[in-house]
Amino acid sequence: MTAEQQHPEAAPTLRTGGQDDALEKLLDEQLTAFNGAASGAGTPEDFSIRLDDATGEPVGGLTGWIWGTLCAVDLLWVREDLRGAGWGSRLMRTAEEEATRRGCTDMVVSTYTFQAPEFYEKLGFRQTGRTPGVPGGHADVSFHKLIGG
């Protein structure tokens, strides 16, 4: 007899849906607690670096997190008319400096093949993997860099 047959009132059910903020919060809390306990690194801390124009409006920025000695960049964007002027590199250098200040030794980021793999390579990141299946025949490229040394 299965557990569902023994206790039908307690049987879990599957439900597919759209965005579920409560579920996302629960998963994040539970996985963060598990990962912190398993690694001994505690809870990740989010950080951001914002690039504003003269009026205070955002024209670029970077978000990421620091977990123990690991820094991960989640999002990096610079408005199109400012690209090629070095702002992306400045954002990444600032993130690396902040991560080093907080005791990080490693930095990771991923990008699609149609975005900026060459950009990260020029900044000293080395490719650690590729995941195919991105629409349009592209791939997700993972990068790593030793920092702070």
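The structure this text deals with has already been given above.
Parameters at a glance
Sequence order sets the numbering: in each chain, residues are counted from 1 along the sequence as written. Residues qualify for local features only when their pLDDT is at least 70, as the model is predicted, and side-chain atom pairs are given and counted only at 80 or more; totals for whole chains, interfaces and linings, by contrast, use all residues. Hydrogens are left out, water is left out, and the side-chain values use all remaining heavy atoms of the structure. Within this scheme a cavity is a closed region of a 1 Å grid, computed over the protein atoms alone, that accommodates a 1.4 Å probe without allowing it to escape, whereas a pocket is open but has protein on both sides within 12 Å along at least five of seven lines; lining residues each have an atom within 4 Å of a point. Grid points are joined across faces, edges and corners, and a volume is the space filled by probe spheres set on the points. Where helices and strands are cited, they refer to DSSP runs of H or I of at least four residues and of E of at least two residues respectively, numbered from the N terminus. The pairing criterion for strands is at least two bridges between them, as found by DSSP. Axis lines are fitted to C-alpha atoms, over the contacting stretch for helices. Their N-to-C directions set the angle, which ranges from 0 to 180 degrees. It only takes one pair of heavy atoms within 4.5 Å for two residues to be counted as in contact.

S.K.: Is there a simple way to explain empty space enclosed by the protein in this structure?
M.R.: Rolled over the atoms, a probe sized like a water molecule indicates the empty space that remains. Per the stated rule, a full pass over the model turns up one cavity of 30 Å³ or more. When its volume is computed, the largest cavity comes out at roughly 30 Å³. Met92, Arg93, Glu96, Met107, Leu123, Phe125 and Lys145 together form the lining of the largest cavity. Tallying contributions element by element places helix α3 (residues 87–101) first for the lining of the largest cavity, with three residues.

S.K.: Explain the sheet that holds strand β6 (residues 138–146) here, please?
M.R.: Pairing in this open sheet of six strands is mixed, and the strands run β1-β2-β3-β4-β6-β5 from one edge to the other. What marks the edges here is a single partner per strand, and that holds for β1 (45–52) and β5 (126–134). Here the strands of the sheet are splayed against their neighbours by 20° on average, with no regard to which way each runs. Examined bridge by bridge, β1 and strand β2 (residues 58–67) share eight bridges and lie antiparallel to one another. Along β2, the bridge assignment pairs Asp52 with Pro58. Sheet contacts for α3: β1, β2, β3 (70–78), β4 (106–112) and β6; angle to β3, the most-contacted strand, approximately 160°.

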